[in-house]
Amino acid sequence: MKKAILSLMIIFVFFLLTGGPDFAFANPDENDTQATLADVTWYFDSDGDGDGDPNNSTTNLTGNIFQWQLNSDDCDDTDASIFPGAPEIAGDGIDQDCDNIDTPSIFAGDLKSDLTRGVAPATIKFTAFIAQGTPPFTYDYEFGDGDTKPNGSKNESHTYLAKGTYTAIVSVTDTTGAIFKLSTTIFVTDSTDLDTNQDNLEMDVDQMTKATKADDVHGILLDAQNLIGKTLDSVRSADAALRQKHEGEIQTKAGNLIANTRTKLDDLIKDNPPTAEDLKNIRAGLKGVMSNMVKNGVPVLETTHDELELISDALYKATLDVVLANQNLTPAQIDEIKTDKTKSQAFFQSNPHLLDDVIDVSGIQVDPKPDLDTVKVESIASNHGLTEKQTAELYNAVERTLDVTQKILALSTAALEKTIAEIAEELFNNYSTGITVATVTIDPATQNMLITFSDGTSISFSIKSISIVEDYMPKGLFEIPNGNRLGITDSYAIIFVPYPVFALDLIAEALKLGVDPVLTQDGALQIGTSSQSSLSMKIGWSYDKTNTFTSLTTSFSVVGGADPSAEAYSFLVTYDTGLSQLLPPAAMAIDSLSQMLDTLVPGGYTIDTDTGVITVGTLKLKPDYTFFSLTSIDYTAITAAGGSVINSLAFEFGDFNGNGLSDLKFYSDSPMGYQILWAVSN
């Protein structure tokens, strides 16, 4: 069945075919220099490896437009295994990596383990994969403790019986006889080490009662953070009885540490109010303590918060001053918000743009990352027919993706069920009258959630952050201006970002196109197009079922015509389950853009994640898909040309596509570069 795959360069193609706008490819100091897409040379990619043939070029695309590239790096465009950076097989007479030399390239591969440390007896699971060589492969293991496993498999496990540091090595032999060695280091401790770590932690608890300054509290918390992490990492692989014993003891001692912190903070704030920097350091220390506990399955959110009241009332009130300082409130009004819960909740209910700020200032964030599910990744790679090289790339892409997800499964069962139930209730109440939640599922590899409704539509999202907060804020689900959603329950504030329904499937298909996809923290899919530019698409919130999809795997198409500044212009991604979702254009530096908009028009803008349109009063702007990176930004030149600079961010207005509307060129310092926000006609 026919598969409609979107080319990496489809936007550039549409701009070329429709006479789209000019883009500044010049040095940022030379703002008046322009190069149009009509000047671009395209190179034919007959073998589909992502690199073009230097001997076959054009500036006027014809035929299959998806087989043309902007680079001309391929030295053999008849063989997809030959391209710059390809694995080089020694002595076979072929220059696989196009460096004009038939020698081995730098080896690409890895030996992964489910744990890097454990308590003897520690059972460790290994997975070996390489991005070169000719399959099938054979695997010979040396585990570092004298035991070996000749003629093993890609996935093996081994039990270390004694304390020590071990280097596990697997020799992978391919069908040509080439041998590739992979290794990893495993640290094994015993119960004596656990007791020592806990004794040190208990010393920290004792020292906390003697702390006299905020700096003392901060230093002790950082020390305790490291000890808790080291101890719990070892506990993870202990037998059930030992694990239960030590987890309970660590929970108690860490709880005492936090309880003492609460008391000490109240005393410090009362007698000698800490500086903003002191408060920032203390929150960082508390976050580290809890992150280590939650990462290792200790139910800190339920037990520690409910029993020990982690956030002190004094800390909340002291830090809230930072948020309310620029809100044109009288001292009496500020005092009411800080002391009267009813008035505080009413204030933030009517000022949702401040909720994110107040959580950042007064909440304690818990953001552990999930472990890599190698079985899931291998299954995805097999289902999509990925090569060994693409599978290795999938591992790397997934690890980057996991950086934006949260290990919600590490929370206590009661807290998890309660949170999901409240999220689902709020979502369907805001979704459509009469629609009920049919199912709630959690992806085991990425931990993103999928809620299916009774009418067959779905919403998929990921948790960006979980914070423990005071109950001075309103409960419910709020749309914050940057396009994300914020859910506040009795004690927790959770930021949700839109996410692909099948994140790994989407990444796998993108890899088959020869691109390098990354899912970013704001729920955007980022694709590098060259060293100079990249595309950024926002994942939409709503997903629909379709009965007309016939492809065996993920497919991409364009909706809304060929005008990227049109409000409806988006990519449509469809899965083999019949689910589909829109990917509208997104500002790649969405956090920087939100920072600028919060400064210019606090609370006065919205971002529609289903269309990508940013509304500021009567002005509507839509980000272009393409972000151009810069090594520096000449703020003086921007200001001289009539632009504005705010907090190292900059923008300038102009009719960049000649349609009579004033567009906005937005410069970001993180990441460093710029992109166009097109004016959308009302």
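So, how was this worked out
- Residues numbered from 1 in each chain as written.
- Predicted model: local features only at pLDDT ≥ 70, side-chain atom pairs only at ≥ 80, totals over all residues.
- Heavy atoms only, no water.
- Phe/Tyr/Trp six-rings, centres within 6.5 Å; stacked < 30°, edge-to-face > 60°.
- Helix = DSSP H or I, 4+ residues; strand = E, 2+ residues; numbered from the N terminus.
- Pairing = 2+ DSSP bridges.
- Axes fitted to C-alpha atoms, helices over the stretch in contact; angles between N-to-C directions.
- pLDDT = per-residue confidence, 0-100.
- Contact = heavy atoms within 4.5 Å.
- Parallel < 35°, antiparallel > 145°, perpendicular 65-115°, else oblique.
- Nonpolar A, V, L, I, M, F, W, Y, C, P; charged D, E, K, R; others polar.
- Salt bridge = Lys/Arg side-chain N within 4 Å of Asp/Glu carboxyl O.
- Buried < 20%, exposed > 50% of the residue type's maximum accessible area, 1.4 Å probe, protein only.
- Core = buried A, V, L, I, M, F, W, Y, C linked by side-chain atoms within 4.5 Å.
- Arc of directions from axis to C-beta.
- Polar contact = N/O pair within 3.5 Å; in protein donor to acceptor, adjacent residues only side chain to side chain.
- Disulfide = S-S within 2.5 Å.

**Some thoughts on the packing of aromatic side chains**
Here a ring pair, both rings aromatic, is described through the centre-centre distance and the interplanar angle of the planes.
Move 1: In total, this model carries 11 aromatic pairs according to the counting rule given.
Move 2: One aromatic cluster is present, formed by Phe-126, Tyr-141 and Phe-143 through successive ring pairs.

**Details of unusual backbone geometry**
Move 1: Each neighbour pair has its own omega, and for Pro-135 with Pro-136 the value is 5°, a cis peptide bond.
Move 2: Within the fold, Pro-136 resides in the loop between β6 (122-130) and β7 (138-142).
Move 3: Of note, the bond from Ser-670 into Pro-671 is cis; its omega dihedral lies within 30 degrees of zero at 0°.
Move 4: Considering the arrangement of structural elements, one finds Pro-671 in the loop between β32 (663-669) and β33 (672-679).
Move 5: Non-glycine residue Asn-151 carries a positive phi angle of around 50°.
Move 6: By the element assignment, Asn-151 lies in strand β8 (residues 148-152).
Move 7: Its identity as a non-glycine residue notwithstanding, Asn-328 has a phi of 55°, on the positive side.

**Describing the sheet that holds strand β5 (residues 117-119)**
Move 1: Strand order in this open sheet of five strands is β5-β11-β10-β7-β8, and the pairing throughout is mixed. In this open sheet, the two edge strands, each paired with only one partner strand, are β5 and β8. Direction aside, neighbouring strands of the sheet carry axes that sit 20° apart on average.
Move 2: Taken together, the three bridges between β5 and strand β11 (residues 179-189) define a ladder with parallel strand orientation. Opposite Arg-117, over in β11, you have Phe-187 as the bridge partner.

**Details of the confidence of the model for the chain**
Any residue range with low pLDDT should be treated as having predicted coordinates unsuitable for detailed reading.
Move 1: Of all residues in the chain, 67% have pLDDT values of 70 or greater, and the mean over the chain is 74.
Move 2: Scored below 50 in pLDDT, residues 1-38 shows 87 contacts in the model against residues more than four places distant or in partner chains.
Move 3: Every residue in residues 301-309 is under pLDDT 50, and counting partners more than four places away or in other chains gives 26 contacts.

**Looking at the packing of helix α8 (residues 331-339) against helix α9 (residues 341-350)**
Move 1: Axis separation between α8 and α9 bottoms out at 6 Å; the angle between their running directions is 105°. Judged on the interaxial angle alone, α9 and α8 are roughly perpendicular. Between α8 and α9, the contacting residues are Glu-336, Ile-337 and Thr-339 on the first element and Lys-341, Lys-343, Ser-344, Phe-347 and Phe-348 on the second.
Move 2: Of the residues in the contact of α8 with α9, the class split is three nonpolar, two polar and three charged.

**As for the pattern of salt bridges**
Move 1: With the rule as written, the count across this model stands at six salt bridges.
Move 2: Lys-343 is paired through a salt bridge with Glu-336; the nearest N and O atoms lie 3.0 Å apart.
Move 3: One salt bridge connects Lys-512 with Glu-509, and the closest N-O pair in it is separated by 3.2 Å. Remark: Glu-509 and Lys-512 occur in helix α14 (residues 503-512); sequence separation between them is three residues, near one turn of the helix.
Move 4: Residue classification places Lys-512 among the partly exposed residues on the basis of a relative accessible area of 28%.
Move 5: Accessibility expressed as a relative area gives 2% for Glu-509, which makes it buried.

**Topic: the nonpolar core**
Move 1: Ranked by internal contacts, the top residues of the largest apolar core, which has 37 residues, are Leu-394, Leu-525, Met-537 and Leu-583.
Move 2: Of all the secondary structure elements, the ones that give two or more residues to this core are α11 (374-383), α12 (388-402), α14, β20 (524-528), β21 (533-538), β24 (570-574) and β25 (579-583).
Move 3: Tallying contributions element by element places α14 first for this core, with seven residues.
Move 4: When near neighbours in sequence (up to four residues on either side) are disregarded, Leu-525 contacts Leu-506, Pro-517, Val-518, Leu-519, Leu-535, Ser-536, Met-537, Ile-539 and Leu-583.
Move 5: Membership of the second largest hydrophobic core comes to 21 residues, among which are Val-323, Leu-324, Leu-486 and Ala-493.

**Considerations on α9**
Move 1: Of all the residues in α9, the buried ones are Ser-344, Phe-347 and Phe-348. Projection of α9 onto a plane perpendicular to its axis shows the buried side chains occupying an angular sector of 90°, all on one side. Turned more than 90 degrees away from the buried face of α9 sit Thr-342 and Ser-350, all of them exposed.
Move 2: One side-chain oxygen of the residue at the start of α9 lies 2.9 Å from the amide nitrogen of Thr-342, identifying that residue as Asp-340.

**Structural notes on the state of the cysteines**
Move 1: By the definition in use, this model includes one disulfide.
Move 2: A sulfur-sulfur separation of 2.1 Å characterises the disulfide bridge that pairs Cys-75 with Cys-98. Here the disulfide of Cys-75 and Cys-98 is left-handed, its torsion about the S-S bond being about -80°. Taken together, the residues span a long stretch of sequence, with Cys-75 in the loop between β3 (68-69) and β4 (109-113) and Cys-98 in the loop between β3 and β4 at a distance of 23 residues.
Move 3: You can call Cys-75 partly exposed: its relative accessible area is 46%.

**Overview of the environment of Ser-113**
Move 1: Among the secondary structure elements, Ser-113 is positioned in strand β4.
Move 2: Once the C-alpha coordinates of Ser-113 and Ser-157 are considered, the two residues, 44 residues apart in sequence, prove to be 9.0 Å apart.
Move 3: Those residues within four positions of Ser-113 in sequence are excluded, and the remaining contacts are Ile-124, Lys-125, Phe-126 and Ile-186.

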